[in-house]
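# Structural overview
The primary structure of each chain is shown beneath.
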Amino acid sequence: MDRAKPFEIPKREVWEAYKRVRANQGAAGVDGQSIAEFEADLADNLYKLWNRMSSGSYFPPPVRRVELPKDDGGTRPLGIPTVADRIAQMVVKRFLESLVEPKFDRDSYGYRPGKSALEAVGVARQRCWRYGWVLDLDIKAFFDSIDRTLLMRAVRKHTDCPWVLLYIARWLTAPMQMEDGSLVARERGTPQGGVISPLLANLFLHYAFDMWMRRNHPDIPFERYADDGICHCQTEEQARMLRASLEQRFAECGLTLHPEKTHVVYCKDDDRRGDYPNQKFDFLGYTFRPRLARRRQGRIGVSFSPAVSSKALKAVRRELRTWKLPQRSDKSLDDLARMFNPIIRGWMNYYGHYYKSALYPTLRHIDAKLAQWAYWKYKSLRGHRRRARHWLDRVARRQSSLFAHWPLLQGHGWTMGAG
């Protein structure tokens, strides 16, 4: 029998948290332990974690800092917790999320059950047709800038559960372990990469932005996905006034609007006259700008609409290079389809949702790589690049559903001979 613990945390909650962490997978933390290694002694590891959390003796280890490449050529710092720490964070997240989620704004879309980035893009698209101006927000180093005192005040508005408050406070002060092994204390922020960080970020911006907008600018609709936000205005003057107002509001909350990346944008279309310097913005992997499209009564005209952004396409091609398709001559075409169709299908489902023709050149680039694979795999095609393209073209016509993107390209510059 376990002696009474100061905190009543059900063992079932630790088990459910483990299942969620296992489904999400993820890299090892500072201890180098993978999920598979954690599972080698699963019952004992989960019991130890529950025991420490229930007794108040759980102290999170440092988070491992890694740098992820960004589309603009820079890097984004991530903090990777250990597997055990991710499970502990999930326990707290599940408790806190059940309290705050019903209170969150309908136009907050990031990291929320039942909400998605594509939904945010779709709502933004509709509103850009109704409102002529957009304030495209960029908060400078948001996750690293969150004020802990204000964040804990927001958490206490929703719960006084002592173990939730204790462990969130400990996670906010856990040091960062750099690549050289040195430890760096953190004075502000919550590291991107933590299980609970997105929920805490949403909670912070719920008060810093969402509720403030509803209270002070109820006539200006917005979409927010984590720290990425779009506000829709009737006039340029209204957008510029909102920017000045938000700069002051964010300063009160310890945040800064990025001066170069925050823009006032004109949503130009056939019905809107005038020529303004900023007529496009990026939001969640899509570029919104004036485009030729079929409009009312089937006529072709200019509509302010989203299509996959050039940054997103560069990221897709960067990942495609890591596949090293031409060098996989040990694989059959069926093998390659099984390996990469889930990724290709994910790209198509997300980036092809609006104005899918913008995705065609990148999908054709996959076929160019497959033709290179055939060129190196089959001796009969060696030295005949055009013949390799025609060979793949014939396969695509014969087995049009083998690769996820082939049915989409049919009739849209699909043939390899054209490439």
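Residues numbered from 1 in each chain as written. Predicted model: local features only at pLDDT ≥ 70, side-chain atom pairs only at ≥ 80, totals over all residues. Heavy atoms only, no water.

### Brief notes about the overall build of the protein
Quick note on the threshold: Helix and strand labels come from DSSP, where a helix needs a run of H or I of at least four residues and a strand needs a run of E of at least two; each type is numbered from the N terminus. Computed by Shrake-Rupley with a 1.4 Å probe, the accessible areas treat only the displayed protein chains as cover when residues are assessed. A residue counts as positive if it is Lys or Arg and as negative if it is Asp or Glu; His and the chain ends are not included. Note on charges: their place is set at NZ of Lys, CZ of Arg, CG of Asp or CD of Glu.
Looking only at helices and strands, one finds 15 helices and 11 strands in the protein. Summed over its atoms, the accessible surface of the protein is roughly 20,700 Å², and 49% of this surface lies on carbon and sulfur atoms. Averaging the positions of the 71 positive and the 47 negative side-chain charges in the protein gives two centres separated by 7 Å.

### Things to note about the sheet that holds strand β5 (residues 183-184)
For the record, the criterion: DSSP-based pairing: two strands are paired if at least 2 bridges between them are found.
Overall, mixed pairing links the 4 strands, which are arranged β2-β1-β4-β5 in an open sheet. Edge strands, defined here as strands with exactly one partner in the open sheet, are β2 (75-80) and β5. In the sheet, strand β4 (residues 176-177) pairs with β5 via 2 bridges, with the strands oriented antiparallel. For glutamine 177, the partnering residue across the bridge sits in β5 and is leucine 183.

### Let's talk about the packing of aromatic side chains
Let me state the cut-off plainly: Side-chain rings of Phe, Tyr and Trp (the six-membered ring for Trp) are treated as a pair once their centres are within 6.5 Å; stacked means planes under 30 degrees apart, edge-to-face means over 60, and tilted covers the remaining angles. A positively charged side chain is recorded as over a ring if its NZ (Lys) or CZ (Arg) lies within 6 Å of the ring centre. The angle to the ring normal must also be within 35 degrees.
Counted according to the given criterion, the structure contains 26 aromatic pairs. Taking 6.0 Å as the distance between ring centres and 70 degrees as the angle between the ring planes, the aromatic pair formed by tyrosine 58 and tyrosine 167 counts as edge-to-face. Residue tyrosine 58 is found in the loop between α3 (42-55) and β1 (63-69), and its partner tyrosine 167 is found in helix α8 (residues 162-173); the two are separated by 109 residues along the sequence. Of the aromatic side chains, those joined through ring pairs into one cluster are Tyr286, Tyr350, Tyr351 and Tyr354. Stacked on the ring of tyrosine 355, the Lys or Arg arginine 291 has its end atom at 5.3 Å from the ring centre. The cationic tip of lysine 377 hangs over the ring face of tyrosine 378; the distance from NZ or CZ to the ring centre is 5.9 Å.

### A look at the side chain of glutamine 89
In plain terms, the rule: Three exposure classes are used, based on accessible area relative to the maximum for each residue type with a 1.4 Å probe and protein chains only: buried under 20%, partly exposed in between, and exposed over 50%. Any two residues having at least one pair of non-hydrogen atoms within 4.5 Å are treated as being in contact.
Along the chain, glutamine 89 turns up in helix α4 (residues 83-100). Note on glutamine 89: relative accessible area 4%, which makes it buried. Not counting chain neighbours up to four residues away, the residues in contact with glutamine 89 comprise Pro81, Trp171, Gly194, Val195 and Ile196.

### Side note on the sheet that holds strand β6 (residues 222-225)
Just so we agree on the cut-off: Between the N-to-C directions of two axes lies an angle of 0 to 180 degrees, each axis being a line fitted to C-alpha atoms and, for a helix, fitted only over the stretch in contact.
Spatial strand order, β6-β7-β3-β8: 4 strands in an open sheet with antiparallel pairing. Because the sheet does not close on itself, it has two edges, and the strands there are β6 and β8 (263-266). Across the sheet, the axes of successive neighbouring strands diverge by a mean angle of 15 degrees, strand direction being ignored. Direction of pairing for strand β3 (residues 133-138) relative to β8: antiparallel, over a ladder of 4 bridges. Following the sheet pairing, aspartate 136 is matched in β8 by histidine 263. Taken strand by strand, helix α9 (residues 197-216) contacts β3, β6 and β7 (228-233), and its axis lies near 175 degrees from that of β6. Contacting β3, β7 and β8, helix α10 (residues 236-252) crosses the sheet at an angle of about 20 degrees to β3.

### A few points about the pattern of salt bridges
Filter applied, for reference: Salt-bridge detection follows one rule: a side-chain nitrogen of Lys or Arg within 4 Å of a carboxyl oxygen of Asp or Glu.
Going through the model one piece at a time under the given rule, you end up with 19 salt bridges. Note that glutamate 39 and arginine 22 form a salt bridge whose closest N and O atoms lie 2.5 Å from each other. A residue pair is termed long-range when its members are at least 10 positions apart, and glutamate 39 in helix α2 (residues 35-39) and arginine 22 in helix α1 (residues 11-24) qualify at 17 residues. With relative accessibility at 24%, the residue glutamate 39 sits in the partly exposed group. The exposure class of arginine 22 is partly exposed, given its relative accessible area of 43%. When salt bridges with common partners are traced through the structure, they connect Asp105, Asp107, Arg127, Arg214 and Glu223 into a single cluster.

### A look at the pairing of strand β11 (residues 300-308)
The buried count for β11 comes to 7 of 9 residues, which makes it a mostly enclosed element. Of the pairings in the sheet, the one linking strand β10 (residues 286-294) to β11 comprises 9 bridges and is antiparallel in character. In the sheet register, proline 290 faces β11, and the bridge partner there is phenylalanine 304.

### Thoughts on the side chain of histidine 158
What counts, and what does not: As used in this structure description, the phrase polar contact means that two N or O atoms lie within 3.5 Å; if the pair is within protein, one of them must be able to donate a hydrogen and the other to accept it, and residues adjacent in sequence are counted only when both atoms belong to side chains.
With respect to the helices and strands, the residue histidine 158 is situated in the loop between α7 (148-156) and α8. Engagement of the side chain of histidine 158 in a polar contact is seen with the side chain of tyrosine 207, the distance being 2.6 Å. In contact with histidine 158, not counting residues within four places along its chain, are Leu99, Val100, Lys103, Leu203 and Tyr207.

### What to know about a nonpolar patch on the surface
Note the following rule: What goes into a patch is any residue over 30% in relative accessible area without a salt bridge, connected to like charges within 9 Å or, for nonpolar side chains (Val, Leu, Ile, Met, Phe, Trp, Tyr), within 5 Å.
A surface patch of nonpolar side chains, amounting to about 300 Å² of accessible area, comprises Leu292, Ile300 and Tyr355. Among the structural elements, isoleucine 300 can be located in strand β11.

### Regarding the nonpolar core
Where we set the bar: We call a set of buried Ala, Val, Leu, Ile, Met, Phe, Trp, Tyr and Cys residues a nonpolar core when their side-chain atoms join them within 4.5 Å.
Among the nonpolar cores identified, the biggest contains 67 residues, and Ile87 and Ile168 are the most heavily contacted of them. The greatest single-element share of this core, amounting to 10 residues, is contributed by α9. Residues contacting isoleucine 168, with those up to four places away along its chain left out, are Val92, Leu96, Met152, Val155, Ile196 and Leu200. In this structure, Ala117, Tyr286, Ala337 and Trp347 belong to the second largest nonpolar core, which totals 57 residues.

### Digging into the environment of methionine 53
Following the sequence through the fold, methionine 53 ends up in helix α3. Sequence-wise, methionine 53 and phenylalanine 142 are 89 residues apart; in three dimensions their C-alpha atoms are separated by 29 Å. Ignoring sequence-local partners within four residues, the contact set of methionine 53 consists of Phe7, Ile9, Tyr58, Ala88, Val91, Val92 and Tyr167.

### Quick word on the confidence of the model for the protein
Note the threshold: The predictor rates its confidence in each residue with pLDDT, a number between 0 and 100.
When pLDDT is averaged along the protein, the result is 92, and 96% of the positions lie at 70 or above. Element-level pLDDT for the protein is lowest in β2, with a mean of 84, against a maximum mean of 98 in β6. Below a pLDDT of 50 lies the segment residues 414-419, which in the model reaches 17 contacts outside its immediate sequence neighbourhood of four places, other chains included.

### Quick look at α8
For clarity, the cut-off: Take the residue count of a helix, subtract one, and multiply by 1.5 Å to get its expected span.
Helix length check: α8 (12 residues) gives 17 Å between terminal C-alpha atoms against 16 Å at 1.5 Å per residue, within 8%. All buried positions along α8 are accounted for by Trp163, Val164, Leu165, Tyr167, Ile168, Arg170, Trp171 and Leu172. Buried residues in α8 make contact with α3, α4, α7 and α9.

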